[in-house]
Amino acid sequence: MIAPSAYLLLSAILFGIGVVGVVARKNVLIILMSVELMLNGVNVAFVAAGSYLGDAGGGVFAFMVMTVAAAEAAVGLALLIALYRLKETIDITELKVLKW
Amino acid sequence: MVNGILDYLWLVPALPLLGVVLNGAIALFAERPFLLADSHGGHGESSHGSSPRGTSPSASDAHSGSHSGSHHEAPAYRKLVAFIAPAVVGAAFVVALLCVLSLASRPADGRTFVQILFPWIQAGSLLVPAALQLDPLSSVMALVVTGVGFLIHVYSVGYMSHERAFARYFVFLNLFMFAMLILVLANNYLLMFVGWEGVGLCSYLLIGFWYEKQSASDAGKKAFVANRIGDFGVLLAMFLVFWTFGSLTYTEVFAKVPLLRESGVLTTGLATAITLLLFLGATGKSAQIPLYVWLPDAMEGPTPVSALIHAATMVTAGVYMVARSSALFLLAPDTMMVVAVIGAVTAIFSATIGICQTDIKRVLAYSTVSQLGYMFLACGVGAFTAAIFHLMTHAFFKALLFLGSGSVIHALSGEQDMQKMGGLRKYVPVTFATMFVATLAIAGIPGLSGFFSKDEILWQAFSSSLGSPVLWGLAALAAGITAFYMFRLVFLTFFGESRMDPEVEKHAHESPWTMTVPLTILAVLSVAGGWIGIPAVLGGSNLFEHWLAPVFHPVAAAGAAEGAVHHPAALEMWLMALSVAIALCGIGLAYFLYRVRTGKPAEIAKQWPTLYDVVYHKYYIDEFYDWAVIRRIVTFSNGLWEMFDALFIDGIVNGAADLVRAAGDRVRRLQGGVVGGYAFSLLAGAVLLVGYILYRSVVQ
């Protein structure tokens, strides 16, 4: 049996990679992927905790997060395509008109 | 129903209020659309029916075309208004009369009836009910107000028959009756003040009734502003009364006077302050020096309004208030002296102005100011009964004089200048006869109402412990001048050669019955109204004094009458004869100057041009006020505007805006538009939050 702390460590590593990706990368597509990574890091923690506590709620929440993530990916990619048609770039540092 | 008819006392003010509601509805829903449609349609006769605009520039009540009788398509609602407005006031008079008769059947010391309608203001120790009080004083006032008011309403139906805004006029007139009845019937100072302000509002609305004329709307504003100054005094006086007595109800306040006097709470200084402030209000409302200037200008209103508001009722409210507060005034000898001196000086001062005026209504206006001065003189020497007696008789003969002058103006298609009248006796016989009676009454010819009341005041001014021969002299001289200018008015208007425009003369006509009947009734009252107060020295029983004695006597006994010296009856007779002689001299002089040697007045004016000029221009008081007060206030206000408002207030407002802008300019740099930055701050925030929670859990 693998210790629960190992699952949580994996979860934290996945989440940390996602965070770094979101903050450091310029490509919007990569950023979206990083967000997925963060979400899945959390999923790992949910499933591990659910299994450890013998509670089905953890798995239920993981499915819930996946569903929302799928929807988010669909909307995010659609926005990305619209953005690319408008600006011909997906570099996030180029998209800074929203300021005063 | 223990009190019988007295339980219906509330109907007295309520009936005119009903008239306001009904006529108001008619004015809004019938007259207004009609007038609006009319002004768009622009039919030819509109300048005819509508009074002030056009035709003759000097005439404020133009009645051009009244003779032609061409009531072009008089709408049906006018008949309804012409019925409702006088009917409600007449009904109020009947109810008031029945109430007073019921009150009179009670024993003399039980003649105070209070009807509490509903609790009005309850705040801490301040309890003010909406309550009516009928006692001998308020019953005299209520009867005068409703009685004379009813006659003037009837007269107005005839006088305003060519007016387009017929319903609007009667709404204001009914509203005035309501406010005036609240004023006289209230049982506390605050409710009285509601009526006090109400009549001020109606006065403003009716003076400026022909608001399209600049001078009329200016006169309305002047009256309102002058009254505000006085109202400020009344307000302060009410604060002091409440502070001292803990109540504003008449009966409670006056009942506490002896107690507080003994315990030293109510010092003479405090009583002087309260009464002087009340008197300031009275000088505004009753047009005394220094606030009298609005009343002559108020003649811009329709003539029945001048008769009702600016002669018979509203302007006497100040006298009523002083008489009502007599218990307080008698405690303040300094105030009494101020009241007496201001009354006497006003009486003679405005009488002299009346000599040189040529506008018939302005002569009467100055005469009113002068007669009000008499009433205050009477109050000032402690003769409150005489003041109220003169108030009543004056209401009769002065209302009659104004209505008569209105009838003359009506006959002459709006002409008000006496220099363009003359010889009117044969054109308007009823008006002439009634006005002549009123003139005899105001001049103080024995047997008529004015004689008894004026002589009572003169005698009190001489004999009362607060009076003096100087005050008597001033008042007697003013009486002589009054007789002079009133007969000047009559001679210039009704006697001699006609100086009318031939065109106007052709149309000169007697007024319709709705106008002559009130004139006749008032003439009877001007003769007989004084008979209820014939003094003992002339073999009368002075019913009037006995009637008012319960209101004034307890206080008068404690105050002025105490030190009264008993003068022999012969002295009273001699003084009476002397004052009659002075009046006859005035009449004789007027006869000599305006009937015998008609060129003489112009010669005199030429001989002393400066004197004539000063009197003709009303001693330049208006100009002086303009220079001394109004300009100063305007300059001061301009200073405040430029210094305080523009620099200080605007500085605060603009400074606040500048501060926010400067802060925003710095803070906006945080919002760079780069998404990575936002994401980083989000992360930093989350890290800090989680770090804090971990730290807390570790520390615990």
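1. Examining the pairing of strand 2 (residues 126-134) of chain B
Part 1 of the reasoning: Taken across its nine residues, strand 2 of chain B has seven buried, putting it largely inside the fold.
Part 2 of the reasoning: Between the end of strand 1 (residues 113-123) of chain B and the start of strand 2 of chain B, which pair antiparallel, lie two residues, with Gly-124 of chain B showing a positive phi angle near 60°.

2. Concerning the packing of helix 4 (residues 136-159) of chain B against helix 11 (residues 303-312) of chain B
Packed helices, taken two at a time, are described by the angle between their axes plus the distance between the axes.
All names here are of chain B.
Part 1 of the reasoning: Two numbers describe how helix 4 lies on helix 11: the axes approach to 9 Å, and their chain directions differ by 165°. With respect to helix 11, the element helix 4 is oriented roughly antiparallel. For the pair helix 4 and helix 11, the crossing hand works out as left-handed. From helix 4, Val-148, Gly-149, Ile-152, Tyr-155, Ser-156 and Tyr-159 reach across to helix 11, where they touch Thr-303, Pro-304, Ala-307, Leu-308 and Ala-312.
Part 2 of the reasoning: Of the residues contributing to the contact of helix 4 with helix 11, the split by class is eight nonpolar, three polar and no charged.

3. Some words on the pattern of salt bridges
Residue and element names in this part refer to chain B.
Part 1 of the reasoning: Counted under the stated rule, the structure contains twelve salt bridges over all chains.
Part 2 of the reasoning: With a shortest N-O distance of 3.6 Å, Glu-503 and Lys-506 are connected by a salt bridge. Highlighted residues: Glu-503 and Lys-506, both in helix 20 (residues 502-507), separated by three residues, approximately one helical turn.
Part 3 of the reasoning: Overall, the relative accessible area of 61% leaves Lys-506 in the exposed class.
Part 4 of the reasoning: Across the pair Asp-665 and Arg-668 runs a salt bridge, and its minimum N-O distance is 3.2 Å.
Part 5 of the reasoning: We classify Arg-668 as partly exposed; its relative accessible area is 31%.
Part 6 of the reasoning: When salt bridges that share partners are traced, they join Lys-222, Asp-297, Arg-362 and Asp-622 into one network.

4. Digging into the interface of chain A and chain B
Where interface size is quoted, it is often the accessible area lost as the parts come together.
Part 1 of the reasoning: Each partner contributes to the interface: chain A provides nine residues, whereas chain B provides ten residues.
Part 2 of the reasoning: When chain A packs against chain B, close to 850 Å² is buried across both sides, 69% of that on carbon and sulfur atoms.
Part 3 of the reasoning: Our count for the chain A to chain B interface comes out at zero salt bridges.
Part 4 of the reasoning: At the surface where chain A touches chain B, the tally comes to zero residue pairs in polar contact (both at pLDDT 80 or more).
Part 5 of the reasoning: In terms of residue class, the side of chain A that touches chain B is made up of seven nonpolar, no polar and two charged.

5. A word on the packing of helix 14 (residues 333-356) of chain B against helix 15 (residues 360-380) of chain B
Residue and element names in this part refer to chain B.
Part 1 of the reasoning: Put simply, helix 14 and helix 15 touch, their axes get as near as 7 Å, and they point 160° apart. Relative to helix 15, the element helix 14 lies roughly antiparallel. Along this stretch, helix 14 crosses helix 15, giving a crossing that reads as left-handed. In contact with Met-336, Val-339, Ala-340, Gly-343, Ala-344, Thr-346, Ala-347, Ser-350, Ala-351, Ile-353 and Gly-354 of helix 14, helix 15 contributes Val-363, Tyr-366, Val-369, Ser-370, Gly-373, Tyr-374, Phe-376, Leu-377, Cys-379 and Gly-380.
Part 2 of the reasoning: For the contact of helix 14 with helix 15, the residue count by class is 14 nonpolar, seven polar and no charged.

6. Some points on the side chain of Thr-393 of chain B
Residues and elements named next belong to chain B.
Part 1 of the reasoning: By the element assignment, Thr-393 lies in helix 16 (residues 384-411).
Part 2 of the reasoning: A distance of 2.8 Å separates the side chain of Thr-393 from the side chain of Ser-453, its partner in a polar contact.
Part 3 of the reasoning: In contact with Thr-393, not counting residues within four places along its chain, are Ser-449, Ser-453, Gly-529 and Gly-530.

7. Let's talk about the packing of aromatic side chains
Residues and elements named next belong to chain B.
Part 1 of the reasoning: Within the structure shown, the criterion is met by 30 aromatic pairs over all chains.
Part 2 of the reasoning: Between Phe-484 and Tyr-594, the aromatic rings sit 6.2 Å apart at their centres with planes inclined by 50°, giving tilted as the arrangement. Note that Phe-484 is positioned in helix 19 (residues 469-494) and Tyr-594 in helix 23 (residues 569-596), a separation of 110 residues in sequence.
Part 3 of the reasoning: Relative accessible area serves as the criterion here: at 7%, Phe-484 is assigned to the buried category.
Part 4 of the reasoning: On the basis of relative accessibility, which here comes to 15%, the residue Tyr-594 falls in the buried class.
Part 5 of the reasoning: Of note, Arg-168 hangs over the ring of Phe-209, and the distance from its end group to the ring centre comes to 4.3 Å.
Part 6 of the reasoning: Across from the ring centre of Trp-627, 4.7 Å away, lies the NZ or CZ of Arg-632, which sits over that ring.

8. So, the side chain of Ser-306 of chain B
Part 1 of the reasoning: Position of Ser-306 of chain B relative to the elements: it lies in helix 11.
Part 2 of the reasoning: Setting aside residues no more than four positions away along its own chain, Ser-306 of chain B makes contact with Ala-298, Met-299, Gly-301, Ala-311, Lys-361 and Phe-402 of chain B.

9. Some thoughts on unusual backbone geometry
All names here are of chain B.
Part 1 of the reasoning: Cis rather than trans, the peptide bond between Ile-289 and Pro-290 has omega equal to 10°.
Part 2 of the reasoning: With respect to the helices and strands, the residue Pro-290 is situated in the loop between helix 9 (268-285) and helix 10 (294-297).
Part 3 of the reasoning: Although it is not a glycine, Lys-618 sits at a positive phi angle of roughly 55°.
Part 4 of the reasoning: Within the fold, Lys-618 resides in the loop between helix 25 (609-616) and helix 26 (621-667).
Part 5 of the reasoning: The backbone of Tyr-619 shows a phi angle near 60°, a positive value even though the residue is not glycine.
Part 6 of the reasoning: Residue position: Tyr-619 is located in the loop between helix 25 and helix 26.

10. Overview of the environment of Trp-210 of chain B
Residue and element names in this part refer to chain B.
Part 1 of the reasoning: Mapped onto the fold, Trp-210 is located in the loop between helix 6 (189-207) and helix 7 (214-245).
Part 2 of the reasoning: Look at Trp-210 and you get buried, because its relative accessible area is 4%.
Part 3 of the reasoning: Taking the C-alpha atoms as reference, Trp-210 lies 28 Å from Gly-422; in sequence the two are 212 residues apart.
Part 4 of the reasoning: Here the side chain of Trp-210 touches Glu-163 through a polar contact of 2.8 Å, side chain to side chain.

11. Regarding helix 11 of chain B
Part 1 of the reasoning: Helix 11 of chain B sits mainly inside the fold: ten of its ten residues count as buried.
Part 2 of the reasoning: Among all positions of helix 11 of chain B, only Thr-303, Pro-304, Val-305, Ser-306, Ala-307, Leu-308, Ile-309, His-310, Ala-311 and Ala-312 of chain B are buried.

12. Observations concerning the confidence of the model for chain B
Residue and element names in this part refer to chain B.
Part 1 of the reasoning: For chain B, the mean per-residue pLDDT works out to 88, and 93% of the residues sit at or above 70.
Part 2 of the reasoning: The low-confidence segment residues 42-71 (pLDDT under 50) makes 60 contacts with residues lying over four places distant or belonging to another chain.
Part 3 of the reasoning: The low-confidence segment residues 557-564, where pLDDT is below 50, has eight contacts with residues more than four positions distant or belonging to other chains.
Part 4 of the reasoning: Under the prediction, the complex receives an ipTM of 0.83, its pTM being 0.79.

Criteria and thresholds
Residue positions are given per chain, counting from 1 as you read along its sequence in written order. Chains carry letters from A onward and ligands carry numbers from 1 onward, assigned in written order. For this predicted model, a pLDDT threshold of at least 70 governs which residues receive local features, and a threshold of 80 or more governs which side-chain atom pairs are given and counted, while totals over whole chains, interfaces and linings are taken from all residues. Side-chain measures here rest on the full set of heavy atoms in the structure, leaving out hydrogens and waters. Any residue under 20% of the maximum accessible area for its type is buried, any over 50% is exposed, and the rest in between are partly exposed; the area is computed with a 1.4 Å probe on protein chains only. Going along the chain from the N terminus, every DSSP run of H or I of four or more residues is numbered as a helix, and every run of E of two or more is numbered as a strand. Here, a strand pair is defined by DSSP locating no fewer than two bridges between the strands. Helix axes are fitted to C-alpha atoms over the stretch in contact, other axes to C-alpha atoms as well, and angles between N-to-C directions run from 0 to 180 degrees. Roughly parallel means an angle under 35 degrees; roughly antiparallel means over 145; roughly perpendicular covers 65 to 115; every other angle is labelled oblique. A crossing counts as left-handed when the near helix is turned anticlockwise from the far one by less than a right angle, and as right-handed when that turn is clockwise. Working rule for contacts: check all heavy atoms of both residues, and any pair within 4.5 Å makes them a contact. In this count, Pro and Cys sit with the nonpolar residues alongside Ala, Val, Leu, Ile, Met, Phe, Trp and Tyr, while Asp, Glu, Lys and Arg are called charged and the others, Gly among them, polar. Take a side-chain nitrogen of Lys or Arg and a carboxyl oxygen of Asp or Glu: if they are within 4 Å of each other, that pair is a salt bridge. A simple way to read buried area is as the amount of 1.4 Å-probe accessible surface that goes missing from two parts once joined, with both sides added. We call two N or O atoms a polar contact when they sit within 3.5 Å, provided that within protein one can donate a hydrogen and the other can accept it, with sequence-adjacent residues counted only if both atoms are side-chain atoms. Think of it this way: a Phe, Tyr or Trp ring, Trp meaning its six-membered ring, pairs with another when their centres are within 6.5 Å, and the plane angle makes it stacked under 30 degrees, edge-to-face over 60, tilted otherwise. We call a charge positioned over a ring when the NZ of a Lys or the CZ of an Arg lies within 6 Å of the ring centre and within 35 degrees of the ring normal. Summary of the metric used: pLDDT quantifies the predictor's per-residue confidence within the range 0 to 100.

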